[in-house]
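A structural walkthrough
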Amino acid sequence: MRNKIKAVDFFCGGGGMSYGMQLSGIQVLAGIDYEENCRATYEANIKKTKFINADVFELKEKELETSLNLKCNDDELLLIGCSPCQFWSIINTDKKKSQKSKNLLVEFERFVKYFNPGYVVVENVPGVLRKKEESGLESFINWLENSNYTVHFKVHNTSEYGVPQNRKRFTLIANRVTNNELEPLKSKRRLTVRDVLGEENGFTEIEAGHKDVSDFKHSVPNVSELTLKRLKRVKKDGGNRLNFANDPELQLKCFEGRDNSFKDTFGRLWWDRPAPTITTKFFSVSNGRFVHPEEHRALSIREGATLQSFPKTYKFIGTSMGSLARLIGNAVPPEYAKRVGQAIIKNHMNAI
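Below you will find a few notes about this structure.

Of note in the backbone geometry, Phe266 takes a positive phi value of approximately 65° without being a glycine. Within the secondary structure layout, Phe266 lies in the loop between helix H8 (225-233) and helix H9 (301-307). The backbone of Ser309 shows a phi angle near 75°, a positive value even though the residue is not glycine.

See below:
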């Protein structure tokens, strides 16, 4: 009997989770997001589904039930909640600005309680687990366990699941169809930057400032002459800003006498390691270890997407490089999502 699991993807963004779930064989009924500017990218890639532009704080359970023809207590329903996580991230320091994201998990829980689906998936930054009481995670897990769900929750590194990137993410998979604790399916080996980038993988050599007007988006911002001088001094394959720290012309004033602070700034990726976490600023040489292993530039938009495990055919639609990088950096890596979906399908098929 074929898998009939259908999913609703809350906080869907540009569709990383939805795309991965579709790859696993799960039918995605809808993606819900507050950001209207996610719609074009989502709809261009996630076929046979619906994009719902809604604020989860205002969306009513009955409204969603009617619009998607959902049923309560459906063993074949999967609700996914990958809420924006600025408040719980160690990177973001503006907590006031991200205050609203603090309670998104609680809002998602409201829908889980109403529909009582067969499966629930939550993906977020590790910070929600470190502060599980404050984030609402502890009470959510308690409710799930008291409602006959078997709950797996752990911080996983996506590099173990087919994504060429060290990206630690909290993942919860709850299942009330069987008593099995479900985990994403691991890959046989860890992919590195060399496995997916470089000319042999279809990425032609480009310079800073290159604009690619095609859907491939092998585009990268320009840099100043001084920044270019700095990049030329950074050793290929893993060098960092310490390579120019002793040059008075090139040393950054903010790092004088602070060689041990933020060493990844102006850092190059290593060819034979997974990439560092791809953030929304991966196209900037000064925001982390985002310099190409050999070329004197930051990662291109497509390179960042590839390190997030998006296929090269995935279309990103936005008004600027910054808006495209935000869609990519905020996404759940599709390959990781696929492996979560595969675990659910495997469990469901065995339960039939």
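Having put the structure on the table, let's press on.
Bringing the pairing of strand E3 (residues 50-53) into the picture now. Pairing geometry for strand E2 (residues 27-33) and E3, over 4 bridges, is parallel. Of the residues in E3, the one forming a bridge with Asp33 is Asn53.

This part takes up the layout of surface pockets. Within this model, the second largest pocket holds a volume of roughly 170 Å³. Together, Glu205, Ile206, Glu207, Ala208, Asn222, Val223, Leu228, Lys232, Glu295 and His296 line the second largest pocket. For the lining of the second largest pocket, a count of residues per class yields 4 nonpolar, 2 polar and 4 charged.

The angle between the axes and the distance between the axes are what describe a pair of packed helices. Contact geometry of helix H3 (residues 61-68) with helix H4 (residues 104-115) gives a least axis separation of 10 Å together with a crossing angle of 65°. Read as a crossing pair, H3 and H4 show a hand that is right-handed. Contact residues: H3 offers Glu61, Lys62, Leu64 and Glu65, while H4 offers Arg110, Phe111, Tyr114 and Phe115.

Within the sequence span of helix H10 (residues 321-329), burial applies to Met321, Leu324, Ala325, Leu327, Ile328 and Gly329. Of the surrounding secondary structure, the elements contacted by the buried residues of H10 are helix H2 (39-45) and H9.

The next thing to look at is the environment of Ala245. With respect to the secondary-structure elements, Ala245 resides in the loop between H8 and H9. Each C-alpha atom, one on Ala245 and one on Arg230, is 9.4 Å from the other, the two residues being 15 residues apart in sequence.

Okay, the packing of H4 against helix H6 (residues 137-146) next. With their axes 10 Å apart at the nearest point, H4 and H6 run at an angle of 15° to one another. By the angle between their directions, the pair H4 and H6 is classed as roughly parallel. Handedness of the crossing formed by H4 with H6: left-handed. When H4 is examined against H6, the residues Leu105, Phe108, Glu109, Val112 and Lys113 are found in contact with a partner set consisting of Leu137, Ser139, Phe140, Trp143 and Leu144. Looking at the contact of H4 with H6 residue by residue, the classes come out as 7 nonpolar, 1 polar and 2 charged.

On to the pattern of salt bridges, then. Evaluation of the coordinates by the stated rule reveals 19 salt bridges. Glu61 serves as the salt-bridge partner of Arg110, at 3.3 Å between the closest nitrogen and oxygen. With Arg110 in helix H4 and Glu61 in helix H3, the pair connects residues that are 49 residues apart, well separated along the chain. The closest approach of N and O atoms between Arg339 and Glu335, which form a salt bridge, is 2.9 Å. Residue Arg339 and its partner Glu335 are located together in helix H11 (residues 334-351), separated by 4 residues, close to a single helical turn. Residue Arg339 shares its accessibility class with Glu335, and that shared class is buried. A cluster of three or more residues bridged by salt bridges with shared partners is formed by Glu36, Arg39 and Glu43.

This next bit is on the pairing of E2. For a regular strand, the rule is simple: side chains alternate between the two faces of the sheet. In terms of burial, E2 is largely enclosed, as 6 of its 7 residues are buried. Of the pairings in the sheet, the one linking strand E1 (residues 6-10) to E2 comprises 5 bridges and is parallel in character. By the bridge assignment, Lys6 is partnered in E2 with Gln27. What joins E2 to E3 is H2, and the crossover it makes is right-handed.

The strand order across the open sheet formed by 7 strands is E3-E2-E1-E4-E5-E7-E6, and the pairing between neighbours is mixed. A single partner strand is all that each edge strand has here, and the edge strands are E3 and strand E6 (150-157). Strand-to-strand, the axes of this sheet are offset by a mean angle of 15°, without reference to chain direction. Sitting on the sheet, H3 touches E1, E2 and E3, and the angle it makes with E3 is about 155°.

In terms of nonpolar packing, the biggest core is built from 51 residues, with Leu78, Phe282, Leu307 and Ile344 touching the most fellow members. Elements represented by at least two residues in this core include exactly helix H1 (16-24), strand E4 (77-81), strand E5 (119-124), helix H7 (193-196), H9, H10 and H11. Look past the residues within four positions of Leu78 in its chain and what remains in contact with it is Ile5, Lys6, Ala7, Val8, Met21, Ile26, Tyr119, Val120, Val121 and Ile344. Core analysis: the second largest hydrophobic core is formed by 33 residues, Leu70, Leu137, Phe140 and Val151 among them.

Procedures and definitions
- Residues numbered from 1 in each chain as written.
- Predicted model: local features only at pLDDT ≥ 70, side-chain atom pairs only at ≥ 80, totals over all residues.
- Heavy atoms only, no water.
- Helix = DSSP H or I, 4+ residues; strand = E, 2+ residues; numbered from the N terminus.
- Pairing = 2+ DSSP bridges.
- 1 Å grid on protein atoms, 1.4 Å probe; cavity = no way out; pocket = protein on both sides within 12 Å on 5 of 7 lines; lining within 4 Å.
- Points joined across faces, edges and corners; volume = space filled by probe spheres on them.
- Nonpolar A, V, L, I, M, F, W, Y, C, P; charged D, E, K, R; others polar.
- Axes fitted to C-alpha atoms, helices over the stretch in contact; angles between N-to-C directions.
- Left-handed = near helix turned anticlockwise from the far one by under 90°.
- Contact = heavy atoms within 4.5 Å.
- Buried < 20%, exposed > 50% of the residue type's maximum accessible area, 1.4 Å probe, protein only.
- Parallel < 35°, antiparallel > 145°, perpendicular 65-115°, else oblique.
- Salt bridge = Lys/Arg side-chain N within 4 Å of Asp/Glu carboxyl O.
- Right-handed = clockwise from strand over helix to strand, strands pointing away.
- Core = buried A, V, L, I, M, F, W, Y, C linked by side-chain atoms within 4.5 Å.

Treat this as a map of the structure, not an account of what it does.
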